[in-house]
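Each chain, written out:
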Amino acid sequence: MSLSMPPLGAGTFRLKGDAAYHSVATSLKQGYRHIDTAQIYGNEAEVGQAIADSGIARDALFITTKVWMDKLEEDKFLPSVNESLAKLKTDYVDLLLIHWPLPDDGVAMERYLTQLYVAQQQGLARHIGVSNFTCQQLDDAIEILGPGRLYTNQIEVHPLLQNHKVVEHCDANGLLVTAYMPLAVGKVLEEPVIVETARQAGCTPAQATLAWIRQLGMATIPSSTNPAHLQANLDSMAVTLSPQQMAAFDALDRGERLANPDFAPDWD
Ligand SMILES: NC(=O)c1ccc[n+]([C@@H]2O[C@H](COP(=O)([O-])OP(=O)(O)OC[C@H]3O[C@@H](n4cnc5c(N)ncnc54)[C@H](OP(=O)(O)O)[C@@H]3O)[C@@H](O)[C@H]2O)c1
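Residues numbered from 1 in each chain as written. Predicted model: local features only at pLDDT ≥ 70, side-chain atom pairs only at ≥ 80, totals over all residues.

### Description of the overall build of the chain
- For the chain, the helix and strand inventory stands at 10 helices and 8 strands.
- Here the C-alpha radius of gyration of the chain, 18 Å, is about what a compact globule of 268 residues would show, namely 18 Å.
- In terms of overall dimensions, the chain has C-alpha extents of about 55 × 40 × 35 Å along its principal axes.
- Within the chain, buried positions represent 46% of all 268 residues.
- Of the contacts formed within the chain by residues at least 6 apart in sequence, a portion of 75% connects residues at least 24 apart. (Helix = DSSP H or I, 4+ residues; strand = E, 2+ residues; numbered from the N terminus. Rg over C-alpha atoms; globule rule 2.2 N^0.38 Å. Buried ≥ 20, exposed ≤ 12 C-beta atoms within 10 Å, placed from the backbone. Contact = placed C-beta atoms within 7 Å.)

Right, dumping it as structure tokens:
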């Protein structure tokens, strides 16, 4: 039996070398059991070392990695996954994602989703999923793989970019949404409505934001290099916002997208 995704995980984007090691080691000591990394983050080896040093049983952990855009061809896909597993010092990941959909002139989706499915069939990944997929791309992916195969779509969601269309499309198709950049890389912490809502709820702005995401039914993966912040984020699991406090967050959407590289798809 594979573990289902704990709703709160530790992200590792931008964390390199010792910073990645210490963030993951601290998270695991504090009680996190879900770690999110990616080939492109360049930290799978440090993440793997921190996991190995933690002594936590492998089956008590949920580890996600993501296949980068230059590894989607048949001759590169599975070797890259095996390299990730070697760095992570594990035989399998709990979740393997396609990091970004390729533009139409790249490797066809059917080809790389087939590789993703083969990775799962070979036992290299317990669950498979996608990231940064639009509604149309999700429809195409479900058409290719069949319904029920994709576990999650990992997308940018925070109070300033609520991504309703994609979230609703994931819900309608039975995919979990994993919200990345949940704190808008710190931007939400200064937002007056969030500061006030958190004060009312007796918690910090970061905790209120993470509770709002959890109460919407999404998983999320905030990152931090600061042990007190990691602990505070974990403690958000005990925060419950009232319907009025949830509504205050709901009203903050202003389509403020942070992750928008030039290869991004045509967003919904
Ligand atoms: N699939 C994708 O394409 C994609 C794209 C982007 C991100 N992601 C994933 O999502 C994860 C989260 O995104 P992110 O790291 O970019 O942004 P984020 O989690 O929204 O924000 C991280 C920032 O917030 C600060 N922070 C964290 N907890 C805090 C707290 N309790 N109080 C105050 N400040 C706090 C951190 O600073 P300190 O270190 O000082 O605490 C850091 O600067 C990534 O690490 C990655 O795993 C995926």
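### Considering the pairing of strand 5 (residues 125–131)
- Of all 7 residues making up strand 5, 6 are buried, and the element is well covered by its neighbours.
- The sheet contact formed by strand 4 (residues 93–98) and strand 5 spans 5 bridges and is parallel. Bridge pairing in strand 5 places Val93 opposite Ala125.
- For strand 5 and strand 6 (residues 150–156), the ladder comprises 3 bridges, and the chain directions are parallel. Of the residues in strand 6, the one forming a bridge with Ser131 is Gln154.
- Taken together, strand 5, helix 5 (residues 135–145) and strand 6 constitute a β-α-β crossover, and its handedness is right-handed. (Pairing = 2+ DSSP bridges. Right-handed = clockwise from strand over helix to strand, strands pointing away.)

### Details of the site of the ligand
- Around the ligand sit 27 residues, and of these Gly11, Phe13, Leu183, Ser223 and Ser224 come closest.
- A total of 3 residues in the shell around the ligand trace back to one element, the largest contributor, which is helix 9 (residues 227–235). (Near = placed C-beta within 6 Å.)

### Observations concerning unusual backbone geometry
- Although it is not a glycine, Lys89 sits at a positive phi angle of roughly 55 degrees.
- On the secondary structure map, Lys89 appears in the loop between helix 3 (74–88) and strand 4.
- Here Ala184, not a glycine, exhibits a phi torsion of approximately 50 degrees, which is positive.
- Assessed through the 20 C-beta atoms surrounding it within 10 Å, Ala184 is described here as buried.

### Quick look at the environment of Phe62
- Of note, Phe62 is situated in strand 3 (residues 62–67).
- With 22 C-beta atoms packed within 10 Å, Phe62 lands in the buried category.
- Sequence separation between Phe62 and Gly9 is 53 residues, and the spatial gap between their C-alpha atoms is 8.6 Å.

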